[in-house]
Structure formats: C-alpha cells, structure tokens
Amino acid sequence: MSNCATPKPTTSTAAELGTRMRALRHRMSMTLHQVAAASGVSVGYISQVERGNATPTLGTLNQIAQALDVDTGYFVRTPCAVDSLTRGGARPKFAVPGSPIEYEQIGAERAGHELTSFVINVPPGYASEVVHHIGEEIIYILEGEISQMVGEREYLMGVGDSLHYLGATPHCWSNKTDKPARILWVGRMQYGKSSEIESIQIDPPHDMLPLRG
C-alpha cells in the first residue's frame, strides 16, 4: 500500500484548511486521537492535514468532518444541485482547498439519497492517501489511466475499465502517467466509526478485474 500515499507540498490554501480544522478540534476539546478514533483516519495523517503538509481527498475530509460534527461544506462549500439533471457543459465543479483534484458534481443532494457521485479530474503524478470506511465504491475510467490499490493488489485501469469494491478494504489510487485522467466515482459518503469498520469481514478481491501488464 505504500506506493499510493505521497506527501503534498504546503500551499496557502492547504494551510488554511489545516488551521480551520485544528481550530474546530480545539473548540470541541478533542484530541487528535479522539478524532482519529471517530473518523477512522490515522492520527499521523490528521496531524499532517492540520499542519498543511497533506491535502485529503473529499472522502477522507468527509470522514474527519463527521468526527468533528460538521458537514464537509464547513471546509469546502460544495455546490448544491437544484434538481437531478446536470448538463455536461455546465456541471458544478469544486475542489478541496490545497488539492489539485477537481470534482464535477453529477449527483443531486436531496434528503433520503445515500449515493454520492462525482467525475474526478486527476492530474499527472497525483496519488491519494490510503483510506478505509463503511460502504462500497464503484469507479469507471473515462479518460487516461489509473492505478487502483485494493488491499495488497494493484489494478492498472484504462478507459472503459471499472472496479467495484468494499470500502472496508484499505484502498488508494494514483495517476502514474504524464497525462490527465478522469474517473466516474459512485459510492457512499456516510462513513462509519473505526470500530464499525473493524467488525466487518473483509474478503480479498480475487476476481474483479484482470491485472494489466
């Protein structure tokens, strides 16, 4: 799993995100260990985010936000869809402060909806952090190539390839090429506590997608 998580350089926006997160944690009188236990994100990684030395993906930021009892919009104001239709040329876009990843919102935020979906625009050389959570994810490669790690297995995915896996298995992804990539991501953003995750029986993903050479 070590070939996905890479440190991100400190930027002013990443530093602002970290300062806002640390201030909120202090206001709630929570330690790093308490936030880590509630979110399922490691103490070390949360500390890096607070110091502006790492920029989380939207999913990880959502886990931390829930542990701090706020919605993700507290850190990044995501656009709200007024209905269930999004047009390809006018899709709401946003980014986590300090991150080079651009998200295109394709799902509608409505009461009772459990699925969340985005088109993720991934620049060359980007690598996500390793995460695990309650629920499941489906990714479909629209453009470029992506290396997806699920457990100890690496899937090299190109245009048209898809992968469906349980979130409880540690996973991460990266763009190891010199060209941008686009991913259609569908999953659940309602993550559970780390104690819930540990109680899930994790089966290794044996036959989901052939490995590429």
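The rules behind these values
Residues numbered from 1 in each chain as written. Predicted model: local features only at pLDDT ≥ 70, side-chain atom pairs only at ≥ 80, totals over all residues. Heavy atoms only, no water. Salt bridge = Lys/Arg side-chain N within 4 Å of Asp/Glu carboxyl O. Helix = DSSP H or I, 4+ residues; strand = E, 2+ residues; numbered from the N terminus. Buried < 20%, exposed > 50% of the residue type's maximum accessible area, 1.4 Å probe, protein only. Pairing = 2+ DSSP bridges. Axes fitted to C-alpha atoms, helices over the stretch in contact; angles between N-to-C directions. Polar contact = N/O pair within 3.5 Å; in protein donor to acceptor, adjacent residues only side chain to side chain.

A. Fine view of the pattern of salt bridges. Going through the model one piece at a time under the given rule, you end up with 5 salt bridges. Across the pair Arg91 and Glu104 runs a salt bridge whose closest N-O atoms are separated by 2.9 Å. Here Glu104 lies in strand S2 (residues 102-105) and Arg91 lies in the loop between helix H4 (58-67) and strand S1 (93-94), a separation of 13 residues in the sequence. Accessibility expressed as a relative area gives 19% for Arg91, which makes it buried. Lys176 is the partner of Glu154 in a salt bridge, and the nearest nitrogen-oxygen pair spans 2.7 Å.

B. Structural view of H4. Of all 10 residues that make up H4, 9 are buried, and the element is covered over most of its length. Along H4, the residues classified as buried are Leu58, Gly59, Thr60, Leu61, Asn62, Gln63, Ile64, Ala65 and Ala67. Following H4 by one or two positions, Asp69 adopts a phi angle in the positive range, close to 65°.

C. Broad picture of the sheet that holds strand S8 (residues 171-174). Judged by pairing direction, the sheet is antiparallel, and its 3 strands sit side by side in the order S6-S5-S8 without closing on themselves. Edge positions in the sheet fall to strand S6 (153-157) and S8, since each of these pairs with one other strand and no more. Geometrically, the sheet is characterised by an average inter-axis angle of 20° between neighbouring strands, direction not taken into account.

D. Structural detail: the side chain of Ser39. By the secondary structure assignment, Ser39 is in helix H2 (residues 32-39). By relative accessible area, Ser39 is classed as buried at 1%. Engagement of the side chain of Ser39 in a polar contact is seen with the backbone nitrogen of Val41, the distance being 3.1 Å.

E. Spotlight on the sheet that holds strand S4 (residues 136-143). With antiparallel pairing, the 6 strands of this open sheet are ordered in space as S1-S2-S3-S9-S4-S7. Two strands close off the open sheet at either side, each with one partner strand: S1 and strand S7 (162-166). Bridge analysis of S4 against strand S9 (residues 181-188) gives 6 bridges, and the strand direction is antiparallel. From the neighbouring strand, Ile141 faces S9, where its bridge partner is Ile183.

F. Highlighting the side chain of Asp161. Its place among the elements puts Asp161 in the loop between S6 and S7. Take Asp161: its relative accessible area is 13%, and that puts it in the buried class. A polar contact of 2.8 Å, which involves the side chain of Asp161, links it to the backbone nitrogen of Gly158.

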